[in-house]
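Now for the letters of each chain:
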Amino acid sequence: MLDFEGFVADRGQSLLRLAYLLTGDAHLAEDLTQDALAKAYRHWTRVCRADHPEAYVRRILVREQLSWWRRSSRRESPHPSPMDGREPVVEDRYPSLEQSEMAATMLDSLPKKQRTVLILRFHLDLSDDEIAVLMNTSPSTVRSNASRALATLRGSVSALEQERTL
């Protein structure tokens, strides 16, 4: 039987990176990961019996993030930029800080469900069916969210390119 401490030591950073991509904020990512792991711990005997315990915990993490989003959308609160002077939790994979900030800003401008779909699709390489299960929605809703998000991002990139040529 897989022990919880070993699981966290082995997969904790991967879950934290996913949480950071979902939230865009280092502190919120830590809170989200902690909440998801706390829920996983309470049900660890069921989680460790699953075929893929990490996928099970990822589902908890994604659903917890969507639940946070629903709760926070009912009240107004400022959302800090993911690059507001704090050190990022994850390695910067972009060629430059300017591009990293632009990508973070563009992702942050998307509605939370669209952002979540893109992260699950392109960061975790999940299929539409797998994303639909994680988000408790239909595959067609996943595809429409992805399509809208990509169209928005393409428009943002086009606008930036036109700005640069002026």
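Residues numbered from 1 in each chain as written. Predicted model: local features only at pLDDT ≥ 70, side-chain atom pairs only at ≥ 80, totals over all residues. Heavy atoms only, no water.

Caption draft 1: Representation of the pattern of salt bridges within the structure. Within this structure, the stated rule accounts for 6 salt bridges. A salt bridge links Glu64 to Lys39; the shortest N-O distance between them is 2.7 Å. Taken together, the residues span a long stretch of sequence, with Glu64 in helix α4 (residues 53-72) and Lys39 in helix α2 (residues 26-42) at a distance of 25 residues. For Asp108, the salt bridge is made with Arg115, and the minimal N-O distance between the two is 3.3 Å. Under the relative-accessibility criterion, Asp108 is labelled partly exposed at 22%. (Salt bridge = Lys/Arg side-chain N within 4 Å of Asp/Glu carboxyl O. Helix = DSSP H or I, 4+ residues; strand = E, 2+ residues; numbered from the N terminus. Buried < 20%, exposed > 50% of the residue type's maximum accessible area, 1.4 Å probe, protein only.)

Caption draft 2: Quick peek at the confidence of the model for the chain. With 80% of its residues at a pLDDT of 70 or more, the chain shows a mean pLDDT of 82. This model gives residues 73-79 a pLDDT under 50, and the stretch forms 4 contacts once residues within four places in sequence are excluded. (pLDDT = per-residue confidence, 0-100. Contact = heavy atoms within 4.5 Å.)

Caption draft 3: How the structure looks around the packing of helix α6 (residues 112-123) against helix α7 (residues 128-135). Where α6 contacts α7, the two axes come as close as 10 Å, and the packing angle between them is 130 degrees. Classified by the angle their axes make, α6 and α7 are oblique. Our pair here, α6 against α7, has a crossing hand that is right-handed. Together, Lys113, Thr116, Val117, Leu120 and Arg121 of α6 and Asp128, Ile131, Leu134 and Met135 of α7 make up the contact between the two elements. A class-by-class count of the residues in the contact of α6 with α7 yields 5 nonpolar, 1 polar and 3 charged. (Axes fitted to C-alpha atoms, helices over the stretch in contact; angles between N-to-C directions. Parallel < 35°, antiparallel > 145°, perpendicular 65-115°, else oblique. Left-handed = near helix turned anticlockwise from the far one by under 90°. Nonpolar A, V, L, I, M, F, W, Y, C, P; charged D, E, K, R; others polar.)

Caption draft 4: Seen up close, the packing of helix α1 (residues 4-23) against α2. Interaxial distance between α1 and α2 falls to 8 Å at its minimum, and their mutual angle equals 140 degrees. The angle between α1 and α2 falls in the class oblique. Between α1 and α2 the crossing geometry is right-handed. The residues of α2 that touch α1, namely those facing Phe4, Phe7, Val8, Leu15, Leu16, Ala19, Tyr20 and Thr23, are Ala26, Leu28, Ala29, Glu30, Leu32, Thr33, Leu37, Ala40 and Tyr41.

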